[in-house]
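In case you want the letters, here they are:
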Protein chains: 4
Amino acid sequence: MSWIASSFMGRKGVAKGKPGKKHALTEKKQGQYHYVYGPYEKPVLTINPGDIVSAETRDAFGGAIKTTKDLPSKVLNFPYVNPQNGPIFVKGAEKGDVLAVHIHSIEPRGEQPVGTTALIPEFGGLVGTSTTAMLNKPLPEVVKKMKVTSKGVEFSKRVTLPYEPFIGTLGVSPEIEAVLSLQPDYWGGNMDLPDVAPGAIVYFPVQTKGAYLFVGDCHARQGDGELCGVAVEMPATATFQVDLIKGWSIPGVRLETEEMIMSIGSARPMEDAARMAYRDLIRWMQADYGFDETEAYFLATQAGRIRVGNMVDPKYSLGASMLKAYIK
Amino acid sequence: MSWIASSFMGRKGVAKGKPGKKHALTEKKQGQYHYVYGPYEKPVLTINPGDIVSAETRDAFGGAIKTTKDLPSKVLNFPYVNPQNGPIFVKGAEKGDVLAVHIHSIEPRGEQPVGTTALIPEFGGLVGTSTTAMLNKPLPEVVKKMKVTSKGVEFSKRVTLPYEPFIGTLGVSPEIEAVLSLQPDYWGGNMDLPDVAPGAIVYFPVQTKGAYLFVGDCHARQGDGELCGVAVEMPATATFQVDLIKGWSIPGVRLETEEMIMSIGSARPMEDAARMAYRDLIRWMQADYGFDETEAYFLATQAGRIRVGNMVDPKYSLGASMLKAYIK
Amino acid sequence: MSWIASSFMGRKGVAKGKPGKKHALTEKKQGQYHYVYGPYEKPVLTINPGDIVSAETRDAFGGAIKTTKDLPSKVLNFPYVNPQNGPIFVKGAEKGDVLAVHIHSIEPRGEQPVGTTALIPEFGGLVGTSTTAMLNKPLPEVVKKMKVTSKGVEFSKRVTLPYEPFIGTLGVSPEIEAVLSLQPDYWGGNMDLPDVAPGAIVYFPVQTKGAYLFVGDCHARQGDGELCGVAVEMPATATFQVDLIKGWSIPGVRLETEEMIMSIGSARPMEDAARMAYRDLIRWMQADYGFDETEAYFLATQAGRIRVGNMVDPKYSLGASMLKAYIK
Amino acid sequence: MSWIASSFMGRKGVAKGKPGKKHALTEKKQGQYHYVYGPYEKPVLTINPGDIVSAETRDAFGGAIKTTKDLPSKVLNFPYVNPQNGPIFVKGAEKGDVLAVHIHSIEPRGEQPVGTTALIPEFGGLVGTSTTAMLNKPLPEVVKKMKVTSKGVEFSKRVTLPYEPFIGTLGVSPEIEAVLSLQPDYWGGNMDLPDVAPGAIVYFPVQTKGAYLFVGDCHARQGDGELCGVAVEMPATATFQVDLIKGWSIPGVRLETEEMIMSIGSARPMEDAARMAYRDLIRWMQADYGFDETEAYFLATQAGRIRVGNMVDPKYSLGASMLKAYIK
């Protein structure tokens, strides 16, 4: 039996983690892509808990960077970047519920070289930006294209990297806000966390009726921190199963795999994101694993793990995790 | 002749800083107040450059804290806090323009004691919060009410403080986002900066047609940083004149008084807000006062001033200023 | 009668704030200058509480920048920068006491142009540094020399700034550490806070027998934050009276003038420095002015002031202050 | 053949990574332990490059916490915590060289339960501290003792964790400073990074003649960030081989294992530590692996890894690493 049955989704989900109807959210069906996470757009798809969606996502540039000559400052039109599929309306979802998204697969689509990364002026973790405002001159703008298949990312003639895809931007709508898809927050969004990968179940706190699920920004792979601000961006087909959990309240995004549980914090400075993530992990261990606060704090100290998703977005996203082997 | 004639508003404004028609934006006319800065609501008022608006603002709690027994955790319903008047549509305003708001006066209104401050659990500059997440127990919840008149703020029997009112939340709409009125950003919003006071002209970068001006959250006074997160909040009548500047591009909020110019940055950590503010001040000195970058950087080093607006909101707001006497 | 009599120094000092013997700590008497605050060097001077010292301080570059051609990267030899006079042994001082330093005057000395500022590669508030590590190219290195007299700082032909001198680096020795004079901390050091000026009394928590007072790095003036990292540096004669307070314990540096009291915090990120300063101010108001914690927190919220000393040193220094008029 | 021969130590070391004479630095031989990293104490041992040292380290509390009743606030005497063995004088070492320390083994010593962790008031990653100053009440003080053997850490009846020991505090002396052993910096010190473990080679930039190597603070294991501020502290016998590299200049601490190279940054806020680590990793890839800056920046973005050592010390320490498989 799969571990899914014993997951929070399997035990608490309205559909008990069982797969339901399949939906294809093609480019055509999507029509207009969206640039904010919010409740102000009409759903493109309505599903039941358990249903599976295959979404044709665009890359973070909306496909505008076709060759290394398509410099971001010329072909991009801020804030119309990082296009999102959705919103997907989940029947029965209400504020206070939890939406579970079990990621099945992520496949690149489109013409090779399908992977793109770039140095964008005043953007990235090792340069002055609009926020970490500097007087230094920006680095030169550079675009790099890479062939991406399930066998690997052809970074250069010298280096081929494993294909380890994940969803960069995934989440539900805030209640009354509409926030750029570039930003992560407690509802998800642009977390750029490599753990949001096939096999994982991601949990989101529902803020509005129908949950309004958005998805986009798939990455063929990425290092910790997404250092220059741009992963191996690619258009993709992302397939995931959605379930709905009633009676489980979470303050932010959580994630589960067969091996571990993870709480995700998004904030600046980076230590605040780490604090958010670890505090929620401790509270999760208290609520669902029978630890008292002190023991959970001690165990997180001796066995917790931190993954730095990004150190470049409007808020940095970090995941704090604990192996299930230590808390069973 | 008033200094207004020589201000940026007076020299560049469509109305040349000359007062136009008066509008009363009463509670009744406002009807529903708003909790986000965004382009998705219908304007409540349409004005021409030069027009003067008197807005009946509510306090940050929407008037829900009437006595010291009305504890915030009981009477407030997040995110429905910090209600705003508006949006006000300014004819002719388009993305890329600058909206000038010259504040004329701020008067308390309503029954005494009209001023409110409070300790709210997990909110404030010296306590753990949802962002600076801690395991410590919150401080006890406390509400303090104060009589406020133009003669002073009766803080306690022992202490009366000067009445030095300002507008806590003021700004234009983002282009496609709708962001909580609790948050400051490059379009303004909840900057909680005491310089946004009668006599000052505040400049905002217009992001959307009509500018969509919002206003609310008047304070009878406040110290630097708004330390516990709640100033002397009060319902008020705020009167201000609006002008529109074409052909002047600014990346964020700026402010001008007879004595000084100021650039405002909103970010976390606090040094990033300071960097944003100072960099923009230097660029302003380059563009409009004839300094080269190095001389402006040197002069800001020797004569710049920093005002900490708040150190409690989702982003901290700081103003970097230069006396006009030094750059004339 | 001077306010000094009612100051903490006047009321609690061993010498009751009364001036004692005068000492000249000339360059010759100093001999070797020091580059760390620590207990490992032999005192150059031993004084009694009440004694007055006139110290011939060097500028932060040890006088190595004589013309605009003396580029810092060529003439400076890190870590041998920011030379300090001292240590001065104060008789009777022991760990747990407070050392009071009442600054009388600061006069420039040496050949004009006596003032120096500079852009130093990878140093400053608006550039990438060794800590805020960036890949951007550094700004060009620049030196600026200025004539400085008590009438003003001749910044340029266009701009003359007021002469508002202060001591950039002042403090006592840590107990067992020896820390670069470039760094501020709870014992003082390189706070670069313009309030450390003639007229002020600065209080330091003594960590070691004799206190080991160091002083150096006088500035003819400086803006908030010392933005490019270099104020108007000058060699000077700094005259100050030293007193010793028994039975008053403070966790960090405090300061008093006729008008206000101030607590100083040094930390990164900047909000931590602000938190340290404000928390100590509140505790001071509790201990010596009869407020309870909540009232002190509320009053700091409505009437506290923040001064940003520097945003460029290894730790940023901020002062949180309260007018005496509000707490008398 | 071992990978050591192809390591930087093996290729560049004076001793070519070959083991030399063995030295036992027992408690008795050490005599007085030290609490600062500095050049002011006399060496306890002089060795040649290649020599192997077995040091009997004390735990971070100097053995003062023997039972769960020995509360830190009662038995510790700040700043006399985190005692260090050393300084060890390495013949031939001069400023500008690199000291290589190849860790062979770490064994617990002393009476069981030999492992200690604790909640210390105002210390830790999820509580207000002297730096992140809060008004909240501290958590209750708690001590936890654990049996530690090479088979595991007996965290509780329910949980046994793997024995994964490392050295918490290791480094060379600064040139003229003497800095608390609680603090990490570019010379090493209290990095609390689990990668400083048996099998790894750690590289330090020598600042002073003889290098003055210090070592202490062994941990039986620790999670990322050392969340509550105290790992599984234990007295230990740490055995390591020391080599000396001439003609290789590094700005901070680096580390190498058979699988990866890592650069370590120590700073606040946490993003600055990440920036320092990643920038140095990129420069290392440029200098020694033939990448240009842009390719190194891109590769770090797609394949770099971040390990959070501690988020509790005076500076946070992070390691940025790259698999050798990707850069061979």
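Residues numbered from 1 in each chain as written. Chains lettered and ligands numbered in written order. Predicted model: local features only at pLDDT ≥ 70, side-chain atom pairs only at ≥ 80, totals over all residues. Heavy atoms only, no water.

(A) Just the overall build of chain A, in detail. Each helix and strand counted, chain A has five helices and 22 strands in total. Here the C-alpha radius of gyration of chain A, 19 Å, is about what a compact globule of 328 residues would show, namely 20 Å. Expressed along its principal axes, the backbone C-alpha trace of chain A runs to roughly 55 × 45 × 40 Å. Burial analysis of chain A (328 residues in total) assigns 68% to the buried set. Accessible surface, chain A: about 10600 Å² in total, of which carbon and sulfur atoms supply 52%. Each charge class in chain A was averaged separately, 36 positive and 35 negative side chains, and the resulting centres sit 4 Å apart. (Helix = DSSP H or I, 4+ residues; strand = E, 2+ residues; numbered from the N terminus. Rg over C-alpha atoms; globule rule 2.2 N^0.38 Å. Buried < 20%, exposed > 50% of the residue type's maximum accessible area, 1.4 Å probe, protein only. Areas by Shrake-Rupley, 256 points an atom, 1.4 Å probe, with all protein chains shown as cover. Lys, Arg positive; Asp, Glu negative; His and termini not counted. Charge placed at Lys NZ, Arg CZ, Asp CG, Glu CD.)

(B) Up close: helix 5 (residues 293-303) of chain C. With nine of eleven residues buried, helix 5 of chain C is to be regarded as a mostly interior element. The complete set of buried residues in helix 5 of chain C reads Glu-295, Ala-296, Tyr-297, Phe-298, Leu-299, Ala-300, Thr-301, Gln-302 and Ala-303 of chain C. As for helix 5 of chain C, its buried residues are in contact with strand 7 (115-119), strand 8 (142-146) and strand 11 (160-161) of chain B together with helix 4 (270-289), strand 21 (305-310) and strand 22 (316-323) of chain C. The backbone nitrogen of Thr-294 of chain C has a side-chain oxygen 3.2 Å away, supplied by the residue at the start of helix 5 of chain C, namely Asp-292 of chain C. (Contact = heavy atoms within 4.5 Å. Polar contact = N/O pair within 3.5 Å; in protein donor to acceptor, adjacent residues only side chain to side chain.)

(C) Representation of helix 4 (residues 270-289) of chain D within the structure. Residues and elements named next belong to chain D. The end-to-end C-alpha distance of helix 4, which contains 20 residues, comes to 27 Å, matching closely the 28 Å that a straight helix rising 1.5 Å per residue would cover. Extensive coverage of helix 4 is indicated by the burial of 15 of its 20 residues. Looking one or two residues past helix 4, Gly-290 carries a phi angle of roughly 75 degrees, positive in sign. (Expected span 1.5 Å × (residues − 1).)

(D) Geometry of the interface of chain B and chain D. The partner chain D presents 13 residues to the 13 residues of chain B that form the contact. Roughly 1100 Å² of surface becomes buried between chain B and chain D when both sides are summed, with 59% attributable to carbon and sulfur atoms. There are zero salt bridges connecting chain B and chain D. Classifying every residue of the side of chain B that touches chain D gives eight nonpolar, three polar and two charged. (Buried area = accessible area lost by both parts, 1.4 Å probe. Salt bridge = Lys/Arg side-chain N within 4 Å of Asp/Glu carboxyl O. Nonpolar A, V, L, I, M, F, W, Y, C, P; charged D, E, K, R; others polar.)

(E) Quick peek at the packing of helix 4 of chain D against helix 5 (residues 293-303) of chain D. Residues and elements named next belong to chain D. Two elements in contact, helix 4 and helix 5, have axes separated by 9 Å at closest approach and are oriented at 130 degrees. Accordingly, the angle class assigned to the pair helix 4 and helix 5 is oblique. Taken as a pair, helix 4 and helix 5 cross one another with a handedness that is right-handed. Contacts from Tyr-278, Ile-282, Met-285 and Gln-286 of helix 4 reach helix 5 at Glu-293, Ala-296, Tyr-297, Leu-299 and Ala-300. Within the contact of helix 4 with helix 5, the residues separate by chemical class into seven nonpolar, one polar and one charged. (Axes fitted to C-alpha atoms, helices over the stretch in contact; angles between N-to-C directions. Parallel < 35°, antiparallel > 145°, perpendicular 65-115°, else oblique. Left-handed = near helix turned anticlockwise from the far one by under 90°.)

(F) Looking closely at the relation of the copies chain A and chain D. With an RMSD of 0.0 Å, the operation that places chain A on chain D is a rotation of 180 degrees combined with a shift of 0.0 Å along the axis. The relationship between the two copies is best expressed as a two-fold rotation axis. When each C-alpha of chain A is compared by its distance to the rotation axis, Met-270 of chain A comes out closest, at 2.7 Å. Looking at chain A, 100% of its interface residues are interface residues in chain D too, so the copies touch through the same face. (Least-squares fit on C-alpha atoms with pLDDT ≥ 70 in both.)

(G) Spatial organisation of the pattern of salt bridges. The tally for this structure, following the rule as stated, stands at 67 salt bridges over all chains. Salt-bridge contacts for Lys-144 of chain D lead to Glu-295 of chain A; the nearest nitrogen and oxygen are separated by 2.9 Å. Pair noted here: Lys-144 of chain D is in strand 8 (residues 142-146) and Glu-295 of chain A is in helix 5 (residues 293-303), and the two residues belong to different chains. Residue class for Lys-144 of chain D comes out buried when judged on its relative accessible area of 12%.

(H) Region of the structure containing the relation of the copies chain B and chain D. The two copies are related by a screw motion: chain B maps onto chain D through a turn of 180 degrees and a shift of 0.0 Å along the axis, at an RMSD of 0.0 Å. A shared interface surface links the copies, since 100% of the contact residues of chain B are contact residues in chain D too.

(I) Structural view of the packing of aromatic side chains. One pass over the full model with this rule turns up 42 aromatic pairs over all chains. A ring pair is formed by Phe-89 of chain B and Tyr-212 of chain B, whose centres lie 6.2 Å apart and whose planes are at 65 degrees; its orientation type is edge-to-face. In this pair, Phe-89 of chain B sits in strand 5 (residues 85-90) while Tyr-212 of chain B sits in the loop between strand 16 (201-205) and strand 17 (213-219), placing the two residues 123 residues apart along the sequence. Accessibility assignment for this pair places Phe-89 of chain B and Tyr-212 of chain B in one class, buried. Taken together, the ring pairs in this structure connect Phe-8, Tyr-203, Trp-248, Trp-284 and Tyr-289 of chain A into an aromatic cluster. The residue whose ring lies beneath Arg-11 of chain B is Phe-8 of chain B, and the NZ or CZ to ring-centre distance is 4.7 Å. Its guanidinium or amino end placed over the ring of Phe-155 of chain B, Lys-144 of chain B lies 4.3 Å from that ring's centre, counting from NZ or CZ. (Phe/Tyr/Trp six-rings, centres within 6.5 Å; stacked < 30°, edge-to-face > 60°. Lys NZ or Arg CZ within 6 Å of the ring centre and 35° of its normal.)

(J) Summary view of the interface of chain A and chain D. Between chain A and chain D, the residue contacts involve 59 residues of the former and 59 residues of the latter. Between chain A and chain D, roughly 5000 Å² of surface is buried when both sides are summed, and carbon and sulfur atoms account for 61% of that area. One can count four salt bridges joining chain A with chain D. At the surface where chain A touches chain D, the tally comes to 33 residue pairs in polar contact (both at pLDDT 80 or more). Secondary-structure elements contributing two or more residues to the side of chain A that touches chain D are strand 7 (115-119), strand 8 (142-146), helix 4 (270-289), helix 5 and strand 21 (305-310) of chain A. In terms of residues, the side of chain A that touches chain D owes the most to one element, helix 5 of chain A, which gives ten residues.

(K) The sheet that holds strand 16 (residues 201-205) of chain C, seen in detail. All names here are of chain C. Read from one edge to the other, the open sheet built from nine strands follows the order 1-4-18-6-16-19-20-22-21, with strand pairing classed as mixed. The outermost strands of the open sheet, each flanked by one partner alone, are strand 1 (22-25) and strand 21. Across this sheet, the average inter-strand angle for adjacent strands is 25 degrees, counted without regard to direction. Relative to strand 20 (residues 260-267), strand 19 (residues 254-256) is paired through three bridges, and the arrangement is antiparallel. Of the residues in strand 20, the one forming a bridge with Leu-255 is Met-262. (Pairing = 2+ DSSP bridges.)

(L) Just the environment of Pro-138 of chain C, in detail. Here Pro-138 of chain C shows up in the loop between strand 7 (115-119) and strand 8 (142-146). Those residues in contact with Pro-138 of chain C, other than ones at most four positions away along the chain, are Asn-136 of chain A together with Pro-121 and Glu-122 of chain C.

(M) Broad picture of the sheet that holds strand 16 (residues 201-205) of chain A. All names here are of chain A. Spatially, nine strands are ordered 1-4-18-6-16-19-20-22-21 in an open sheet, and the strand pairing comes out mixed. Sheet topology places strand 1 (22-25) and strand 21 at the edges, where each strand pairs with a single neighbour. Averaged over all neighbouring strand pairs, the angle between strand axes comes to 25 degrees, with direction disregarded. Note that strand 16 and strand 19 (residues 254-256) share three bridges and pair antiparallel.

(N) Structural detail: the side chain of Gln-207 of chain B. Residue and element names in this part refer to chain B. Looking at where Gln-207 falls in the secondary structure, it is placed in the loop between strand 16 and strand 17. Only 3.0 Å separates the side chain of Gln-207 from the backbone oxygen of Pro-205, close enough to count as a polar contact. Residues contacting Gln-207, with those up to four places away along its chain left out, are Lys-95, Ser-173, Pro-174, Glu-175 and Tyr-186.

(O) Representation of the pairing of strand 20 (residues 260-267) of chain B within the structure. All names here are of chain B. Within strand 20, eight of the eight residues are buried, which leaves it mostly tucked inside the rest of the structure. The alternating pattern of strand 20 places Met-260, Met-262, Ile-264 and Ser-266 and Ile-261, Ser-263, Gly-265 and Ala-267 on opposite faces, both of which are buried. What sits between the antiparallel neighbours strand 19 (residues 254-256) and strand 20 is a turn of three residues.

(P) How the structure looks around the state of the cysteines. What the rule picks out here adds up to zero disulfides over all chains. Left without a disulfide partner, Cys-218 of chain A is nearest to the cysteine sulfur of Cys-228 of chain A, which lies 18 Å away. (Disulfide = S-S within 2.5 Å.)

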